[in-house]
Amino acid sequence: MSWLARHRRLAFAAICTFWTAVVFVGYFFPTLPFISMPWRGEQSFEDTLRREGRKTATRDDFIFLGIDQQSLQLDAVGPEEIAGNRAFELMTERPYPWAREIWVLLLDRLFGAGARLVIFDLIFNNPNDGDLAFRAALDRYHDRVVVAMNIDTQNNTQIVLPNAQLIPPPAQTDDRVGFVNYWNDEIDGKLRAARFFTSERQLAGVASVPGDEIYTSLPSRALTKLGHDADIPQDQRDHLFRFSSNDAYPPFPLWQVFHPSFWKANYAEGAIFKDKIVIVGASSQIQHDFIVTPMNPAAPGPAVHLQVIAATEAHEFLRQTPTRVMLGLVLAAGVIGWGVIPFLRRPILSLFSLIAIAVIYLAVARLAYDRSGFILATVPVLSTLMLCSISTLGIDYAIERREKLRTRRTLERYVSKNLVKEILENPGGYFNSLKGSRMPATILFSDIVGFTTLSEKADPEELVRQLNEYLSAMTNVVFQNDGTLDKFIGDAIMAVWGNVKSQGKAQDAKAAAYAALGMRRELLRLNNAWKMEGRMTLGMGVGINHGDVLAGNIGSQDRADLTVIGDAVNLASRLEGLTRIFGVDILVGATAADLIRDEFHLRSVARAQVKGITEPVDVFTIVGTRDHNTDHQFLIWLETFEEGIRKFRDRDFREAKILFSRFLEFYPEDSLAKMYLERSLEYEQVPPDEAWNAVEVFERK
């Protein structure tokens, strides 16, 4: 990871080169699993453009007459309507295919109404009744009718033509005959392109040569008769075309054309067919003339022919991105994916930049499709961009996170953990705190008892190692209780609660009290371990006070600390010093004691007035937490001690002497009780003057 951090750009370049190469390989080996997914996805994206993008305009002069289920069954017409109606009689004489006289009647009716062109999407390959009459009609309307042929690629590419009684051989060269085939995509079987001309050699998969017999498509024949032969691509390639909407050419039931009432009501006596191009073909499910397209999984074949004719007349052909340009775009995407992250160097900005690039590219792709029919390669390009950028962004994030963690750990060696957290996670709030403000805070001072004397006797190297063990254990306790390590003062520790982030005055004071008890437990553990190792043991004093302090970044222009100053800080330091005098390891000021009393058992120590503080304060020591298994017997006798303190302060020294003596019967080594017993005996013999108020005055720090 450190190598990556030093050679970030080189590593990112290697990653982007790898992903770009993977996408390139997918293009040249489209059958490879997973690797070819971007290219297969490109086809899906193009289909989405077809569905959501601009469509070929629907032609209002195109009509699709569908041979639907009702036309096949004619169950909507009663016997009395069939009688006398030659078309209905022909449609009911036999099942489909009907006698071809029906198509003669249809042509006469449509052209009589003024139709411009009639296209039969039907293969009249088998002889049938009425062929001669139908041939006469086809000859009569030679320039205005087109019929279908089929290239049966499933059976050795057989050419299925109209029978010779209708159109004499060679029918495939007759300008009324065109093939109805489309060659769907080999991968997913969908129709996306139209072929207007083909040959046997092309169908056989071999190169065309001059003199090949060329077959013409049904749409080409129709366009030629409409005078639009110049719009037809004169080659044998498949041409992508822009589809019309799915509802562009709905089928009109064929049978209604022969029904007098519908002919009048729905077709305005045939006026609707004037100058129209009419295609006749299957629209019922049973005839299975449906084509799978990106627009519709079951598009009627005749409607597709109309869409191809409309797209050709309007020159609505689509162009795909050339291979060189497409691969160049993939390469450019890899370069951009490599460049964005290391140059911006801000993850959020990089992420939004990548999103903006992707959105702009998609918008350009949509505009190119809608405006000019150009299909801009999108999925492989954006896949390369995203694979490169997400990989580099992820690695960059990991590097930044590791560096941030390393920075945090380095800072935590010199600055309190919660202060480091505030600096890194809430820099605005932290820098505001540097300006200085007055706030309530709880301060804890901790010091080793007699360390100066110990340092004169002990081996320096051993002493430093032991001191580091002690300070590490004590600072961990401070951090575990969400305190701020303000500073080390030699072997002393100053910690603060409430200056960086406060949980409330009471919670801050309680956290400091829990920290003091934790220090007591840690020192006991260390001393036991040191004793077993034959090393010297240490004593400790802790002072805790709560009050208003001035907090801010205090120091010189070259060196400053985020610290707190004020009387509350001074008193906490003085209380730590008084622990030696009163023989206890923890002293708590009155304000802090009031805040923690509900969770801790406290013991009165003295009423003291320290140097620099004008008013005396009651000080206490912490016995333990109320939810802990504190010695119940001690708590009972502690009431006797507290009663002795009250008697002592009320100048009832005789009663105080008795109470302290009772307490010492059970706890003979208690130094605090011994001190008060001695003073009670002294004051009983020589009472203090009337100004005495049980205040211990300390003139030295």
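If you're wondering where the values come from, they're calculated on a predicted model, not measured in any experiment.

Counting its regular elements, the chain contains 26 helices and 24 strands. Relative to a compact globule of 701 residues, whose C-alpha radius of gyration would be 27 Å, the chain shows 49 Å and is clearly more extended. Across the 701 residues in the chain, those meeting the buried criterion constitute 49%. For the chain, restricting intrachain contacts to residue pairs at least 6 apart in sequence, the fraction spanning at least 24 positions comes to 72%. Entry remark: accessible area of the chain is about 34500 Å², with carbon and sulfur atoms responsible for 54%. Each charge class in the chain can be summarised by its mean position, and for the 76 positive and 86 negative side chains these summaries are 5 Å apart.

What follows deals with the side chain of Gln-256. Summarising the element assignment, Gln-256 is placed in helix 11 (residues 254-257). For Gln-256, the residues in contact, after removing those within four places along its chain, are Phe-262, Trp-263, Asn-266 and Tyr-267.

Packing of helix 10 (residues 218-225) against helix 13 (residues 301-313) leaves a shortest axis separation of 9 Å and a crossing angle of 50°. With respect to each other, helix 10 and helix 13 are oriented oblique. Crossing hand, helix 10 versus helix 13: right-handed. Of the residues in helix 13, those touching helix 10 at Leu-218, Pro-219, Ala-222 and Leu-223 are His-305, Val-308, Ile-309, Thr-312 and Glu-313. Residue composition of the contact of helix 10 with helix 13, grouped by class: six nonpolar, two polar and one charged.

Attention now goes to the environment of Asp-235. Within the secondary structure, Asp-235 is located in the loop between helix 10 and strand 9 (238-240). At 2.6 Å, the side chain of Asp-235 forms a polar contact with the side chain of His-239.

Once that is clear, we can look at unusual backbone geometry. Here the amide bond leading from Tyr-96 into Pro-97 is cis, since omega sits at 10°, within 30 degrees of zero. Along the chain, the position of Pro-97 falls in the loop between helix 6 (86-93) and helix 7 (101-112). The residue after Pro-169, namely Pro-170, is reached through a cis peptide bond having omega -10°. Relative to the assigned elements, Pro-170 resides in the loop between strand 4 (158-160) and strand 5 (177-179). Here the phi dihedral of Glu-269 falls at roughly 60°; this positive angle occurs in a residue that is not glycine. Looking at the secondary structure, you find Glu-269 in the loop between helix 12 (260-265) and strand 11 (277-282). The backbone phi angle of Asp-275 is positive, close to 60°, even though this residue is not glycine. Note on placement: Asp-275 falls in the loop between helix 12 and strand 11.

Here we come to the packing of helix 7 against helix 8 (residues 131-140). It is the contact of helix 7 with helix 8, at a shortest axis distance of 8 Å, that shows an interaxial angle of 25°. Taken together, the axis directions place helix 7 and helix 8 in an arrangement best described as roughly parallel. Pair helix 7 / helix 8 crosses with left-handed handedness. Taken together, the residues of helix 8 that come into contact with helix 7 (itself represented by Trp-103, Val-104, Leu-107 and Asp-108) are Ala-133, Phe-134, Ala-137, Leu-138 and Arg-140.

Two side chains with opposite charge may pair up if their charged atoms get near one another. The tally for this structure, following the rule as stated, stands at 41 salt bridges. One salt bridge connects Asp-212 with Arg-201, and the closest N-O pair in it is separated by 3.8 Å. Of this pair, Asp-212 sits in the loop between helix 9 (200-204) and strand 8 (214-216) while Arg-201 sits in helix 9; the two residues are eleven residues apart in sequence, bridging distant segments of the chain. One salt-bridge network, held together by shared partners, links Asp-47, Arg-50, Asp-185, Asp-188 and Arg-192.

Taking 1.5 Å per residue, 13 residues should reach 18 Å; helix 13 reaches 19 Å between its end C-alpha atoms and fits that length. Most of helix 13 is tucked away: 13 of the 13 residues are buried. Positive backbone phi, at 55°, marks His-315, one or two positions downstream of helix 13.

This brings us to the environment of Thr-92. Mapped onto the elements of the fold, Thr-92 is located in helix 6. A relative accessible area of 39% places Thr-92 in the partly exposed class. For the pair Thr-92 and Ser-71, spaced 21 residues apart in sequence, the C-alpha to C-alpha distance is 9.7 Å. Those residues in contact with Thr-92 that lie beyond four places of it in its chain are Leu-74 and Ile-82.

Burial within strand 3 (residues 145-152) is extensive, with seven of its eight residues counted as buried. By the bridge criterion, three bridges tie strand 2 (residues 117-120) to strand 3 in an arrangement that is parallel. Bridged to Val-118 within strand 3 is Val-145. Note that strand 3 and strand 5 share three bridges and pair parallel. When the bridges of strand 5 are listed, Val-147 appears paired with Val-177. Sheet topology places strand 3 next to strand 4; three bridges connect them, and they run antiparallel. Within strand 4, the residue paired with Asn-150 across the bridge is Val-160. Between the end of strand 3 and the start of strand 4, which pair antiparallel, lie five residues, with Asn-156 showing a positive phi angle near 55°.

If you walk through the whole model with that rule in mind, you get 36 aromatic pairs. Judged by centre distance (5.1 Å) and plane angle (85°), the rings of Phe-634 and Tyr-667 are edge-to-face. With Phe-634 in helix 24 (residues 632-649) and Tyr-667 in the loop between helix 25 (653-666) and helix 26 (671-685), the pair connects residues that are 33 residues apart, well separated along the chain. Look at Phe-634 and you get buried, because its relative accessible area is 13%. With centroids separated by 5.4 Å and ring planes inclined at 85°, the aromatic side chains of Phe-648 and Trp-692 adopt a geometry described as edge-to-face. Residue Phe-648 is located in helix 24, and its partner Trp-692 is located in the loop between helix 26 and strand 24 (695-697); the two are separated by 44 residues in the primary sequence. One aromatic cluster is present, formed by Phe-634, Phe-641, Phe-648, Phe-653, Phe-660, Phe-663, Tyr-667, Tyr-676, Tyr-683 and Trp-692 through successive ring pairs. It is Arg-195 that lies over the ring of Trp-183; its NZ or CZ is 4.2 Å from the centre.

Parameters and conventions
- Residue indices follow the written sequence of each chain, beginning from 1 at its first position.
- Under the rules for a predicted model, residues below a pLDDT of 70 receive no local features and side-chain atom pairs below 80 are neither given nor counted, while totals for whole chains, interfaces and linings still include all residues.
- Each side-chain value is worked out from all heavy atoms of the structure, with water and hydrogens disregarded.
- Secondary structure elements are taken from DSSP: a helix is a run of H or I of four residues or more, a strand is a run of E of two residues or more, and numbering for both begins at the N terminus.
- We compute the radius of gyration over the C-alpha atoms and compare it with the globule rule, which gives 2.2 Å times the number of residues raised to the power 0.38.
- Residue burial is assigned from relative accessible area. The probe radius is 1.4 Å, only protein chains are included, and a residue is buried under 20% of its type maximum, exposed over 50%, and partly exposed in between.
- The contact criterion used throughout is that any non-hydrogen atoms of two residues lie within 4.5 Å.
- Using a 1.4 Å probe, accessible areas were evaluated by the Shrake-Rupley method; residue-level cover was limited to the displayed protein chains.
- Positive charges are assigned to Lys and Arg, negative charges to Asp and Glu, while His and the chain termini are left out of the count.
- Charge placement uses NZ in Lys and CZ in Arg. For Asp and Glu, CG and CD serve respectively.
- What counts as an axis is a line fitted to C-alpha atoms, over the stretch in contact for a helix, and the angles between N-to-C directions run from 0 to 180 degrees.
- An angle below 35 degrees is treated as roughly parallel, one above 145 as roughly antiparallel, one from 65 to 115 as roughly perpendicular, and anything else as oblique.
- Two helices crossing with the near one rotated counterclockwise from the far one by less than a right angle form a left-handed crossing, whereas a clockwise rotation gives a right-handed crossing.
- Three classes are used: nonpolar for Ala, Val, Leu, Ile, Met, Phe, Trp, Tyr, Cys and Pro, charged for Asp, Glu, Lys and Arg, and polar for all others, with Gly counted as polar.
- Distance and chemistry together define a polar contact, namely a pair of N or O atoms within 3.5 Å, with one atom able to donate a hydrogen and the other to accept it when in protein, and with adjacent residues in sequence counting only for side-chain atoms on both sides.
- One speaks of a salt bridge when a side-chain nitrogen belonging to Lys or Arg is within 4 Å of a carboxyl oxygen belonging to Asp or Glu.
- Each residue after the first adds 1.5 Å to the expected span of a helix.
- Two strands qualify as a pair provided DSSP detects at least 2 bridges between them.
- Aromatic pairing here means that ring centres of Phe, Tyr or Trp (its six-membered ring) are within 6.5 Å. Orientation follows from the plane angle: under 30 degrees is stacked, over 60 is edge-to-face, and everything else is tilted.
- Here, a charge over a ring means that NZ of Lys or CZ of Arg falls within 6 Å of the ring centre while also lying within 35 degrees of the ring normal.

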